[in-house]
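# Survey of secondary and tertiary structure
Each chain is listed here by its residues.
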Amino acid sequence: MKKLFSFCVVALAMGSLGGVASAQQWGTLEGSFVLQGDAPAPAPIAVDKDKQFCGEFGLVDESLVVDKRGRIQNVFIYLRTEPTAVHPDYAKTATEEVVLDNQKCRFEPHALAVRAGQPVRLKNSDAVGHNVKMDLIANNSINPLIPANGSMIQKFDQKEIVPLPASCSIHPWMLGYVLVRDNPYMAVSDDRGGFEIENLPVGEHTFQVWQERSGFVQDVVLEGAPTKWEKGRFTITIKPGKNDLGKIEIPLAAFQKN
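A brief structural summary. All figures in this text were calculated on a predicted structure; none of them were measured in a lab.

### Section: the overall build of the protein
In terms of helices and strands, the protein carries 2 helices and 21 strands. The principal-axis extent of the C-alpha atoms belonging to the protein is close to 90 × 45 × 25 Å. Looking at the protein as a whole, 42% of its 258 residues qualify as buried. Within the protein, contacts between residues at least 6 apart in sequence are counted, and of these 70% link residues at least 24 apart. Accessible surface for the protein amounts to roughly 13,800 Å². Of this, 53% is attributable to carbon and sulfur atoms. Within the protein, the 30 negative side-chain charges are centred at a point lying 4 Å from the centre of the 27 positive side-chain charges.

In structure tokens form, the structure reads like this:
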């Protein structure tokens, strides 16, 4: 009888643990960033180094990239608070290589989100040399020379609180941004202004929104209502399934340089 009782207790405990594990639910956060107002024409870059090569690409200022419909590319959105759980599917991409390329005398992608410890291939697809200079806060700063058609692997072991610039000392107009976080819950808006952060644990979370020209995105319009995201942060309760913020309008004034 004692053995039977012990078996029942163990079985009940295992069943309870299994129930807790299976009870974890996940949701996806999505939306799109749109400019409120007419987008300014991107300023042309004055190419003063390696003109014969770099001067062929019609380079322009990429600090605000907006398409004809006002959709804003390269806005970072990421989980500011620590996640209560991480979906097991993210284990597959934890060590997946991502690429920051020097391509046509600019950085591609212009804005990159990467996990701490994830290998980043610093690549140079051009026929001229570049370097990738990054002055970091939590991680050691870097400034490697990447020869023409060369590459190297770089890892960042610590999370950074904001996206930080990558530049090229040889070609001073080159500028990109890299965000390093210690969890996978982050995104960069695509060429249609859209973003999607999949498989968030359900519950209340605080997100950070940042864009290189505006810094923290604080003034937005949601469903026609002006809204203040203090220091670029907003809190939302993630529910199972899709959580759609819809169109997030950002006034042009947020991007106008002083």
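### Notes on the nonpolar core
Leu 100, Val 120, Val 132 and Met 134 are the most contacted members of the largest nonpolar core, which totals 32 residues. Put simply, the parts of the chain that give this core at least two residues each are strand 4 (76-79), strand 5 (98-102), strand 7 (111-115), strand 8 (120-124), strand 12 (164-167) and strand 13 (175-181). At 4 residues, the largest contribution of residues to this core is made by strand 13. Beyond its immediate sequence surroundings of up to four residues, Val 132 is in contact with Leu 100, Asn 102, Phe 107, Leu 122, Ile 142, Asn 143, Pro 144, Ile 146, Ala 166 and Ser 167.

### As for the sheet that holds strand 19 (residues 225-228)
Taken together, the 5 strands give an open sheet; going across it, the order is 15-1-21-18-19, and neighbouring strands pair in mixed fashion. Looking along the sheet, the strands with just one partner apiece sit at the ends: strand 15 (194-201) and strand 19. Strand-to-strand twist in this sheet, taken as the mean axis angle between neighbours without regard to direction, amounts to 35°. Taken together, the 6 bridges between strand 1 (residues 26-36) and strand 15 define a ladder with antiparallel strand orientation. In the strand pairing of strand 15, Leu 29 is matched with Ile 197.

### A word on the pairing of strand 18 (residues 219-222)
Direction of pairing for strand 18 relative to strand 19: antiparallel, over a ladder of 4 bridges. When the bridges of strand 19 are listed, Asp 219 appears paired with Lys 228.

Rules behind the numbers
Residues numbered from 1 in each chain as written. Predicted model: local features only at pLDDT ≥ 70, side-chain atom pairs only at ≥ 80, totals over all residues. Heavy atoms only, no water. Helix = DSSP H or I, 4+ residues; strand = E, 2+ residues; numbered from the N terminus. Buried < 20%, exposed > 50% of the residue type's maximum accessible area, 1.4 Å probe, protein only. Contact = heavy atoms within 4.5 Å. Areas by Shrake-Rupley, 256 points an atom, 1.4 Å probe, with all protein chains shown as cover. Lys, Arg positive; Asp, Glu negative; His and termini not counted. Charge placed at Lys NZ, Arg CZ, Asp CG, Glu CD. Core = buried A, V, L, I, M, F, W, Y, C linked by side-chain atoms within 4.5 Å. Pairing = 2+ DSSP bridges. Axes fitted to C-alpha atoms, helices over the stretch in contact; angles between N-to-C directions.

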